[in-house]
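Chain and residue survey
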Amino acid sequence: GKYRVVSTKPMPGTRWINLLVDQGCRVEICHLKKTILSVEDIIDLIGDKCDGVIGQLTEDWGETLFSALSKAGGKAFSNMAVGYNNVDVEAANKYGIAVGNTPGVLTETTAELAASLSLAAARRIVEADEFMRGGLYEGWLPHLFVGNLLKGQTVGVIGAGRIGSAYARMMVEGFKMNLIYFDLYQSTRLEKFVTAYGQFLKANGEQPVTWKRASSMEEVLREADLISLHPVLDKTTYHLVNKERLAMMKKEAILVNCSRGPVIDEAALVDHLRENPMFRVGLDVFEEEPFMKPGLADMKNAVVVPHIASASKWTREGMATLAALNVLGRVKGYPIWNDPNRVDPFLNENASPPN
Ligand code: GLV
Ligand code: GLV
């Protein structure tokens, strides 16, 4: 092949490979037997000639790697992820390297995991499963694993972009929850959806659902019974949920995080879980992956899964395909991704700017 494209990990499906090979690329996939590659590992992979790299969110794509990629003649990098807090886009720009991400294909899959964690926490599924397997079930009891009914309660969404909006729709329609959301952008589509569904329920003689756009994040924390976090991780959202804000939440609230770990002060969360046994969390992401803060693993009121929100076959193949297309487009000279403002061009596609 005329171009050398490197993927730091084997990725699902073959479509992404065929796309690149059909367009004259030689594809090299790293098969090192370690989960997390170091900067040195990746520099070795890049070598003397490399036109583009598909990388992972576990890798630190900063000055060092972009400089190495640039020296090897590289023009493109794509994260196989929608989030790109692991990428220093400014550094990439300095070396003329375009950066892409993989939005869209993971919206529903991620929202479905947030919904799964919500239900698992509300109905104490994991605790109950452990109880069952532990041989502790002696027969039905009125008090056994009593949890929360979602119907008629309020779901709070912080960050109503694609994923947050999809999750909100699932919880409102699926469980007849009222919605309160906080986002800098108004999500008119989401508001219209809840209004229309509320009218439908009313016409059928049921209690209608309602929506409210909160004027602060605190308002959501105070009012919601179930809160799901869907912001982008940056300086403004680091430790967005801290000790003070946890204290604002209802004692029996449920908190779900499928965005990025550092959005929550995890040590403060462990204390809060310990002091409030009726408070529950569902976590897909952690502050210092792959580790959990001390004590978290012992908390029965926490459901924890290893960053699998986008892990459906269709989505992962789609992410690989998009990542390959990002790199291919740039390597072939289409000036699609060379503007940092074009990273994730579809963010908040459902939203309109505030008036
Ligand atoms: C996964 O966490 C992603 O950002 O796609
Ligand atoms: C990210 O893709 C989001 O829509 O929140």
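Remember, predicted model here, so these are calculated numbers, not experimental data.

Once that is clear, we can look at the nonpolar core. Judged by nonpolar contacts, the single largest core of 32 residues is most densely connected at V155, Y167, M171, L179 and L226. Breaking this core down by element, the ones donating at least two residues are α5 (107-122), β6 (154-158), α7 (162-175), β7 (178-182), α8 (188-203) and β10 (254-257). Top contributing element to this core by residue count: α5, with eight residues. When residues no more than four places from it in sequence are discounted, the contact partners of L179 are T154, V155, V157, A168, V172, L190, V194, T210, W211 and K212. By size, the runner-up hydrophobic cluster in this structure holds 29 residues, among which are I227, L246, L296 and M299.

For the chain, the domain assignment lists domain 1 (3-105 + 312-342) and domain 2 (107-304). For domain 1 and domain 2, the distance between their C-alpha centres works out to 33 Å. The partner domain 2 presents five residues to the 10 residues of domain 1 that form the contact. Both faces considered, domain 1 and domain 2 share a buried interface measuring about 610 Å² in area, 46% of it formed by carbon and sulfur atoms. Applying the counting rule to domain 1 against domain 2 returns zero salt bridges. Class assignment for the residues of the side of domain 1 that touches domain 2 results in five nonpolar, five polar and no charged.

Rules used throughout
- Residues numbered from 1 in each chain as written.
- Chains lettered and ligands numbered in written order.
- Predicted model: local features only at pLDDT ≥ 70, side-chain atom pairs only at ≥ 80, totals over all residues.
- Heavy atoms only, no water.
- Core = buried A, V, L, I, M, F, W, Y, C linked by side-chain atoms within 4.5 Å.
- Buried < 20%, exposed > 50% of the residue type's maximum accessible area, 1.4 Å probe, protein only.
- Helix = DSSP H or I, 4+ residues; strand = E, 2+ residues; numbered from the N terminus.
- Contact = heavy atoms within 4.5 Å.
- Domains from an automatic or database assignment.
- Buried area = accessible area lost by both parts, 1.4 Å probe.
- Salt bridge = Lys/Arg side-chain N within 4 Å of Asp/Glu carboxyl O.
- Nonpolar A, V, L, I, M, F, W, Y, C, P; charged D, E, K, R; others polar.

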